[in-house]
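Here are the chains, one letter per residue:
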Amino acid sequence: MKKTYVAKLAEVKRGWHLIDVKGKILGRVAVEIAQKLMGKQKITFTPNLDSGDYVIVTDAKEVKL
């Protein structure tokens, strides 16, 4: 019998990500950042919990539009 795993708030481990967007396309970087903020890249992703990581963006002035 298989069971679906549901993460609990106490089990959420947050990480830090440093993203340099110099010379990158805005839309593609925005998707990457949004997924990290929501926690969709994690195995323990649960839609009703805030399981996302912290994101720091550098060189935002030089992003391609």
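For the structure given in this document, a descriptive report is provided here. No experiment lies behind these values; they were computed from the predicted model shown. (Residues numbered from 1 in each chain as written. Predicted model: local features only at pLDDT ≥ 70, side-chain atom pairs only at ≥ 80, totals over all residues. Heavy atoms only, no water.)

**Side note on the side chain of K42**
Here comes step 1: On the secondary structure map, K42 appears in the loop between α1 (26–38) and β2 (54–58).
Here comes step 2: Assessed through its relative accessible area of 18%, K42 is described here as buried. (Helix = DSSP H or I, 4+ residues; strand = E, 2+ residues; numbered from the N terminus. Buried < 20%, exposed > 50% of the residue type's maximum accessible area, 1.4 Å probe, protein only.)

**Looking at the pairing of β2**
Here comes step 1: The pairing of strand β1 (residues 16–20) with β2 spans 5 bridges and is parallel. Bridge pairing in β2 links L18 to I56.
Here comes step 2: Running through α1, the crossover from β1 to the neighbouring parallel element β2 is right-handed. (Pairing = 2+ DSSP bridges. Right-handed = clockwise from strand over helix to strand, strands pointing away.)

**Section: the pattern of salt bridges**
Here comes step 1: According to the stated counting rule, one finds 3 salt bridges in the structure shown.
Here comes step 2: Where R14 meets D50, a salt bridge forms, and the shortest distance between an N and an O atom there is 3.5 Å. Remark: D50 occurs in the loop between α1 and β2 and R14 occurs in the segment before β1; sequence separation between them is 36 residues.
Here comes step 3: Look at D50 and you get partly exposed, because its relative accessible area is 48%. (Salt bridge = Lys/Arg side-chain N within 4 Å of Asp/Glu carboxyl O.)

**What to know about a nonpolar patch on the surface**
Here comes step 1: On the surface, W16, L18, Y54 and I56 cluster together into a nonpolar patch covering about 480 Å² of accessible area.
Here comes step 2: Those elements giving two or more residues to the nonpolar patch turn out to be β1 and β2.
Here comes step 3: According to the relative accessible area criterion, W16 is exposed, its value standing at 61%. (Patch = residues over 30% accessible without salt bridge, like charges linked within 9 Å, V, L, I, M, F, W, Y side chains within 5 Å. Areas by Shrake-Rupley, 256 points an atom, 1.4 Å probe, with all protein chains shown as cover.)

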